[in-house]
Every structure is written in structure tokens, then in C-alpha cells.
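Examining the three-dimensional arrangement
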Amino acid sequence: MRALSIRDGKLAIRDVAKPVPGSGQILVRTLACAICASDHHHFDHPELARNDRTGLRVDSPEHDVVMGHEYCAEVVEYGPDTDKAWPVGTRVTGIPVLMMPTGQTRIIGYAPDAPGGYGEYFLMNEFFARPVPNDIPVEIIAVNDAMAVGWYFSRVGTEAFAGKPSVPLVIGLGAIGVSIVIGLKQRGAGPIVAADFSESRRKLALEFGADVVVDPAVESPYAAWRRVAWGSPDEVHDYVLMSSMTKQVVYECAGKEGVLGDVLNNCAFGARVFSAGGPNVDSIPTVAAHLKGINIQFGGGPQLADWYESLDLVVKGKINLTRFVGETVTLDQLPDAFDRARRDSSSVRIVYKA
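Being a predicted model, the structure only gives us computed values, none of them experimental. (Residues numbered from 1 in each chain as written. Predicted model: local features only at pLDDT ≥ 70, side-chain atom pairs only at ≥ 80, totals over all residues. Heavy atoms only, no water.)

1. Some points on the overall build of the chain
To keep it simple, the criterion reads: Numbering of helices and strands starts at the N terminus; helices are DSSP runs of H or I of at least 4 residues and strands are runs of E of at least 2. Taken over C-alpha atoms, the radius of gyration is set against a globule rule of 2.2 Å times the number of residues to the power 0.38. Exposed residues in this analysis have more than 50% of their type's maximum accessible area, buried residues have under 20%, and partly exposed residues fall in between, with area computed by a 1.4 Å probe over protein chains only. Accessible surface is estimated by sampling points in the Shrake-Rupley manner with a 1.4 Å probe; for residues, cover comes only from the protein chains shown. Under the convention used here, Asp and Glu are negative, Lys and Arg are positive, and both His and the chain ends fall outside the count. Charged side chains are reduced to one point each, which is NZ for Lys, CZ for Arg, CG for Asp and CD for Glu.
What the chain contains, in helices and strands, is 12 helices and 18 strands. Since a compact globule built from 354 residues should have a radius of gyration of about 20 Å, the 21 Å found for the chain is in line with a globular shape. Principal-axis analysis of the C-alpha atoms places the extent of the chain at approximately 60 × 40 × 35 Å. Counting over 354 residues, the chain shows a buried share of 54%. Accessible area for the chain stands at about 14,900 Å²; split by element, carbon and sulfur atoms hold 51% of it. Side chains of the chain give 34 positive and 42 negative charges; the mean places of these two sets differ by 2 Å.

See the structure below:
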């Protein structure tokens, strides 16, 4: 089959082996697959897979790794030990986890034996697959994975200070950041302060429910948060006020070097910080985190319930992700689109559509 694969540190369209479904697995044909910044992280930082001891990613530079974990597909063939729950041709999606017949678990798109949606075919577990209606565009189904991440973080963030006043601050308004804004709005949290250098993404965040948007080139997001939550941008009284005033929940969604450190140095005392922007490859100021009593959570979701609850909301029209899809491309256009997605601030997602 044809696929965009990584081999020996290079990304190119290649002919690779068509996967064969094992026990509990199904072979599916890609209908749509979105380009995620996590794929940029994976390609740019091979040490992430090399240093992964969980087995979820596999470092194997001499073999083809086909990325793509935000997808909609159709059932082609059932492997052994499956219930054959749906007819061949049924549209499906699912959380991008693949349980292997050998007992390991992989993230789809980050191992040679768990190819993703940047190719013509890939594997899913029948257990994780969910049928989706034919009347919803496949590219909308594909971007649910990003929404599911935001749905998860909005849940755990609103639970962080349950019963106490808190104001969320979202740093970085790509797909995850905007999804968190959507989730927070759906859950009744707010006012929501959101920051990004991109004017188009700030406008999108406003459309989806942010109350205040900030251009960090003009105003510090942390000063804006204090102004909204405490009535003053002054940070002098943070320590005195931390036990009695509105709490700060920060979502770091930029995934850029230095951003998480900037959050820790500038957030309020006693803040709850969620690192949602992908693997952090730079050092962070633990002294600041320690002195301020900051609770940091790295990733951790979405959990299964969050992923499929988000999908239900999208399928039922309660969350409209049409604005997430800025462009669709063919497989042959995918390499260029992958590179452009690094720089494109107008599209939340570029989607490969078969």
C-alpha cells in the first residue's frame, strides 16, 4: 500500500506492507486523517520513542513508521477472534490505541507494527471501534480525537478546585487549546481567558466561548488573568491572596520549548497546571513550582469515557467541529501539508482525505 512513512529519519511517500489483522483486530481503509502537532513532535524528536520504556512508542528507525492517529475509516476485513460486529464498508473511528496479539499496547501511528492513518490501510481493535453515521463528513469525525483531549482536560481542570471559584487560563489555541475552551464552555466554567499570538485563533476561541482573549505580544496572559479573576494585573499580593481568592487553572497547550517554564514562573501561587501541549523536551523551573505550591499534571488523557463521550457529542451535533477543518489534501499532497501545518495559524487542522 502507499503511505507517508518515516524511515531512517526521513519522511516520504513509500510503498509499504499492507497490515494483516491479528487476533481481535480489524483492517480498515483510511477515509480521513488529521495532521496533529504530536506527529511533528514524534518526527522532530526521535529520542521520544528511543527513551520510551512503556512500549507505547517503538524506536525502529530502519523500519517504516506510518503516523496518523486522528482518523475516520471503513471496515475492510476482520481478523481472528472478532465478533464481526458490522458489515464490511461500515464507517468507524476509535481511540488510537492498538492492543497487540502478543500482549503489548501501542499508540496507533507511533510504531512499525501499529501503522496509522497516513497510509491507505491500518489496524484497529474491534473492541475500540465505533460505527459513525454516513451523513457526517469524515473529516469532522477525524478531528474528534483532538476534541476528546480537550474534553478530558476540561473535565479534570474543572474538578481540580471543585466547589471553589476558579478561572481557567488557556495558553496556546491550536486544536487542543480550542477544544479545551469548548469543553470548559460546555461544562459552565468561566470566565475563560485564552492566549495565542495568532489573531485568527484568538477569534476562533471567542467563537467557541472564550470570554477574554489575549495577544501575548501586547499583554501578559498572566496579568490578563489577574485582571479578570482578581480585578488587578498586579502580582505583588499573590502569596497573601492565594488561599482566599479565585484559583488559577492553567492549560499549557502550546507544546513549544520554554512555554511550560514560562507558565511556572508567572502563574499564581497554588495554581493547578495541566501540560496538554505535547511532550516537553526542555527543562522546567522546579524551584518556582516548589515555592509556589504548583500542582502539575503531564498528559494523562483522554480516558476511554472522555473519548467516546466527546464522539457522542460530535455525532449528535452538540459540538460542531466544522471550523476545525481548514483544508483537506490528498495523499500525494500530504508531505507538503505536514510541513505547512507547523506554520499554519489559520487552520486548526489540515486533514488528509482519501
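More follows now that the structure is in view.
2. Topic: the sheet that holds strand S12 (residues 193–195)
Quick reminder of the rule: Note on pairing: two strands pair once DSSP finds at least 2 bridges between them. Angles run from 0 to 180 degrees between N-to-C directions of axes, and those axes are lines fitted to C-alpha atoms, restricted for helices to the stretch in contact.
The parallel open sheet is built from six strands, whose spatial order is S13-S12-S11-S14-S15-S16. Looking at strand neighbours, the two that pair on one side only are strand S13 (212–214) and strand S16 (295–298), the edges of this open sheet. Neighbour to neighbour, the strand axes of the sheet diverge by 15° on average, direction disregarded. Across three bridges, the pairing between strand S11 (residues 166–171) and S12 is parallel. Considered in S12, the bridge of isoleucine 171 is made with alanine 195.

3. Brief notes about the layout of surface pockets
Once rolled over the atoms, a probe with the size of a water molecule shows which space is left empty. Applicable threshold: Method remark: on a 1 Å grid restricted to protein atoms, a set of points is classed as a cavity if a 1.4 Å probe fits but cannot get out and as a pocket if it is open with protein on both sides within 12 Å along at least five of seven lines; lining residues have an atom within 4 Å of a point. Grid points are joined across faces, edges and corners, and a volume is the space filled by probe spheres set on the points. When residues are sorted by character, Ala, Val, Leu, Ile, Met, Phe, Trp, Tyr, Cys and Pro go into the nonpolar class, Asp, Glu, Lys and Arg into the charged class, and all the rest, Gly among them, into the polar class.
Quantified by volume, the second largest pocket comes out at close to 210 Å³. As for the second largest pocket, its lining consists of 14 residues, and the residues nearest its centre are Ile6, His42, Pro46, Asp59 and Pro61. When residues of the lining of the second largest pocket are traced back to their parent elements, those giving at least two are helix H1 (37–44) and helix H2 (47–50). In terms of residue class, the lining of the second largest pocket is built from seven nonpolar, four polar and three charged.

4. Quick notes on the packing of helix H4 (residues 144–160) against helix H11 (residues 304–315)
Here is the rule we go by: Rotating anticlockwise by less than a right angle from the far helix to the near helix defines a left-handed crossing, while the corresponding clockwise rotation defines a right-handed one. Contacts were defined at the residue level, with two residues in contact if any of their heavy atoms lie within 4.5 Å.
Their axes nearest at 8 Å, the elements H4 and H11 cross at an angle of 115°. The handedness of the crossing between H4 and H11 is right-handed. Facing Asn144, Asp145, Met147, Ala148, Trp151, Tyr152 and Arg155 of H4, the residues of H11 in contact are Asp306, Trp307, Glu309, Ser310, Leu311, Leu313 and Val314.

5. Quick look at unusual backbone geometry
Cis peptide bonds are those with omega within 30 degrees of zero, and the linkage from glycine 190 to proline 191 qualifies with 5°. With respect to the element layout, proline 191 can be found in the loop between helix H5 (175–186) and S12. In this model, glycine 301 is joined to proline 302 through a cis peptide bond whose omega is 10°. Locating proline 302 in the fold gives a position in the loop between S16 and H11. The backbone of aspartate 8 shows a phi angle near 55°, a positive value even though the residue is not glycine.

6. Brief notes about the environment of alanine 34
Mapped onto the fold, alanine 34 is located in strand S3 (residues 25–34). Assessed through its relative accessible area of 0%, alanine 34 is described here as buried. Counting along the chain gives 294 residues from alanine 34 to threonine 328, while the straight-line C-alpha distance between them is 8.8 Å. In this structure alanine 34 touches Asp39, Glu70, Tyr118, Ala142, Val143, Arg349, Ile350 and Val351, once residues within four positions along its chain are discounted.

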